[in-house]
Amino acid sequence: MKYLSTRGGMPPKSFTEILLGGLAPDGGLTIAENYPQVTKAELAAWRKLNYRDLAFEVIRRFADDIPAADLKAILDKTYTAEVFRSDDITPVKTLEPGLHILGLSHGPTLAFKDVAMQLLGNLFEYVLAKEGAELNILGATSGDTGSAAEYAMRGKKGIRVFMLSPKGKMSPFQTAQMYSLQDPNIFNLAVEGVFDDCQDIVKAVSNDLGFKDKYKIGTVNSINWARVTAQVVYYFKAYFAVTKCEDEEVSFSVPSGNFGNVCAGHIAKQMGLPIRKLIVATNENDVLDEFFRTGVYRPRPETAHTSSPSMDISKASNFERFVYDLVGRDPQVVKELWQKVDAGGSFDLAQTPYFEKVADFGFTSGSSNHGDRLTTIRRVFESYGAMIDTHTADGVKVGLEHREMGIPLVCLETALPAKFEETIREALGREPERPADLAGLEQLPQRFEVVKADAEEVKRFIVAHAGH
Ligand SMILES: *Cc1c(COP(=O)(O)O)cnc(C)c1O
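Given the structure is predicted, the values throughout are model-derived calculations rather than measurements.

Chemist: How would you summarise the sheet that holds strand 3 (residues 92–96) if you had to cite specific residues and measurements?
Modeler: The six strands lie next to each other as 3-4-14-9-10-13, forming an open sheet whose pairing is mixed. Edge positions in the sheet fall to strand 3 and strand 13 (363–367), since each of these pairs with one other strand and no more. Each neighbouring strand pair of the sheet contributes to a mean axis angle of 25°, computed without reference to strand direction. In terms of strand pairing, strand 4 (residues 99–103) meets strand 14 (residues 409–413) through five bridges, oriented parallel. Within strand 14, the position partnered with L102 by the bridge is L412. Against the sheet, helix 11 (residues 225–242) touches strand 3, strand 4, strand 9 (250–255), strand 10 (275–282) and strand 14, its axis set at about 135° to strand 9.

Chemist: Please give an account of the site of the ligand that cites residues and values.
Modeler: The full set close to the ligand counts 15 residues, and K113, G257, N258, N261 and T414 are the nearest of them. Separating an oxygen atom of the ligand from a backbone N or O atom of G257 is a distance of 2.8 Å. Between the ligand and the protein, one listed contact pairs an oxygen atom with a backbone N or O atom of N258 at 2.7 Å. In isolation the ligand offers 380 Å² of accessible surface; the protein chains occlude 97% of this area. Partitioned by chemical class, the residues of the shell around the ligand number five nonpolar, eight polar and two charged. Of the domains in this structure, domain 1 (3–80 + 111–224 + 444–465) and domain 2 (87–108 + 234–428) are the two that each give at least three residues to the shell around the ligand.

Chemist: Lay out the pattern of salt bridges in plain terms, naming residues and giving numbers.
Modeler: Side-chain pairs of opposite charge can arise where the charged atoms are in close proximity. Summed over the entire model, instances satisfying the criterion amount to 32 salt bridges. Between E125 and K77 there is a salt bridge; the shortest N-O distance is 3.6 Å. Linking E125 in helix 6 (residues 113–131) with K77 in helix 4 (residues 68–78), this pair joins segments that are 48 residues apart in sequence. With its nearest N and O atoms 2.5 Å apart, the salt bridge here joins E290 to R300. Note that E290 is positioned in helix 13 (residues 287–294) and R300 in the loop between strand 11 (296–297) and helix 14 (319–326), a separation of ten residues in sequence. Exposure class is identical for E290 and R300. Each is buried. Connected via shared salt-bridge partners are E42, E57, R60 and R61.

Calculation notes
- Residues numbered from 1 in each chain as written.
- Predicted model: local features only at pLDDT ≥ 70, side-chain atom pairs only at ≥ 80, totals over all residues.
- Heavy atoms only, no water.
- Pairing = 2+ DSSP bridges.
- Helix = DSSP H or I, 4+ residues; strand = E, 2+ residues; numbered from the N terminus.
- Axes fitted to C-alpha atoms, helices over the stretch in contact; angles between N-to-C directions.
- Contact = heavy atoms within 4.5 Å.
- Near = heavy atom within 4 Å.
- Polar contact = N/O pair within 3.5 Å; in protein donor to acceptor, adjacent residues only side chain to side chain.
- Areas by Shrake-Rupley, 256 points an atom, 1.4 Å probe, with all protein chains shown as cover.
- Nonpolar A, V, L, I, M, F, W, Y, C, P; charged D, E, K, R; others polar.
- Domains from an automatic or database assignment.
- Salt bridge = Lys/Arg side-chain N within 4 Å of Asp/Glu carboxyl O.
- Buried < 20%, exposed > 50% of the residue type's maximum accessible area, 1.4 Å probe, protein only.

Here's what the structure looks like:
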């Protein structure tokens, strides 16, 4: 399997060659040259597999330059009951016949990003050891992505994490989750500023190419291809959980921000999984919903702060991968469209033949707001006795609007309610449940360094702690 850039300017590369990288050198995203096809007979055989073996069948078709035995060992080590709190890894909960919640948030940080990030940690360690190389991961977080990265990379040989977070601006739970880590390869830098300051510092350090090269600075953002690949697996797992045979179709509703999760669903469908609809659910930041309704992709100058904060984005960084497929995999077209986006503009596909294809790809969409979130959390709790978080509520709200008779609907649960206590209290007047092993998290000793919102100070910290 070779990987190309959506903008056509990268010579074909293998899976491990693109594993540690971000954007392709021409500014595009890396993408598989084709999607491996799974036959009905293969699907029938995969139905019996546990998560680890299913992950092996799916991922080996993309990561074919990792020896099969090594990949199997990495997956067996990643997807365990110890890390994901059950051997199902991604258990399905049935609310009523034909309506299901796919539990993706039973990993260490209680959010779906763990599913991919835990694999990434082990893949990074494996590839770095082979090359005798080291990596210093630099990131900025307002809570979720940073903690998933830290829990994936903790204790990994050859890897250090320097994670910037806005001092005093995260919830007590999120703060404790990150700052209580005592692993010597994890550095929490509490920046005296806001999240945007953290992000600006990461950009400034990454733009210093000499520094970046000398100190082997890398990132783990949501455009990483391996993360998307890891997420393809649970669409298959969920399909098998809610069907009896391979002739049935299933629809998925996906709480979306950067389009990574639903992009994995798109890939599963293109591989031959009988997916009927992929329902893109956004919050008030509805740049994706606008596209699927109107054909206009218009990244916003401002991002609204909402009660489903992990979906607060003004442009969707993985969206370019889907548009590449939508325009018939023509990199020239993608390049022209993103010339407009990168210059701060928008594009409109409504009057083009491309936009008609959106339905063939199974996509549809909707959006949700704070009031919808509260109503949905209450309704699911009262009708089914299940507590869902704010992001999952966006997915359930929009999913139900698109539900069809006779077609099972799977709503992806992207976080546990324990992470968003304030809104749960507002909706239900009670505290969310929390996994027993996380009781008392806020009382654990915390380890972090306070730094000024200054790229030079962060660089000095990295120099002092990066090792040589
Ligand atoms: C990251 C995240 C999302 C959005 O996922 P994308 O892959 O960026 O679309 C939704 N919900 C939660 C809880 C998240 O952490």
